[in-house]
Amino acid sequence: MKILGIDDNAEINKLLSTVVKSDGHDFTQVTDGRKGLELIKSGDYDVVLLDIAMPEFSGKDVVDALFNDG
């Protein structure tokens, strides 16, 4: 399974990476909502783990951009 993590918290990213990779999944992580949105639009991810409360471009902004921009 191909999983994308979008979170600005380094500790959360480390934990997610450890858990997801230990289960044998491919895991990509970014700390910025805009970069995450780019990856969602250009990648083929099965799951996205998205932090809602991020500065500048929040998880809500990512979801809004996905569903309002087509």
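Colleague: An account of the pairing of strand 1 (residues 2–6) is requested, with residue identities and associated values reported.
Modeller: Most of strand 1 sits out of view: four of its five residues are buried. Summarising the sheet, strand 1 and strand 2 (residues 26–30) pair through five bridges and their orientation is parallel. Bridge pairing in strand 2 links isoleucine 6 to valine 30.

Colleague: Residue-level account of the pattern of salt bridges, with values.
Modeller: According to the stated counting rule, one finds two salt bridges in the structure shown. As a salt-bridge pair, aspartate 64 and lysine 60 come within 2.8 Å of each other at their nearest N and O atoms. Of the two residues, aspartate 64 and lysine 60 both sit in helix 3 (residues 59–68), four residues apart, roughly one turn of that helix. Take aspartate 64: its relative accessible area is 29%, and that puts it in the partly exposed class.

Definitions and cut-offs
- Residues numbered from 1 in each chain as written.
- Predicted model: local features only at pLDDT ≥ 70, side-chain atom pairs only at ≥ 80, totals over all residues.
- Heavy atoms only, no water.
- Buried < 20%, exposed > 50% of the residue type's maximum accessible area, 1.4 Å probe, protein only.
- Helix = DSSP H or I, 4+ residues; strand = E, 2+ residues; numbered from the N terminus.
- Pairing = 2+ DSSP bridges.
- Salt bridge = Lys/Arg side-chain N within 4 Å of Asp/Glu carboxyl O.

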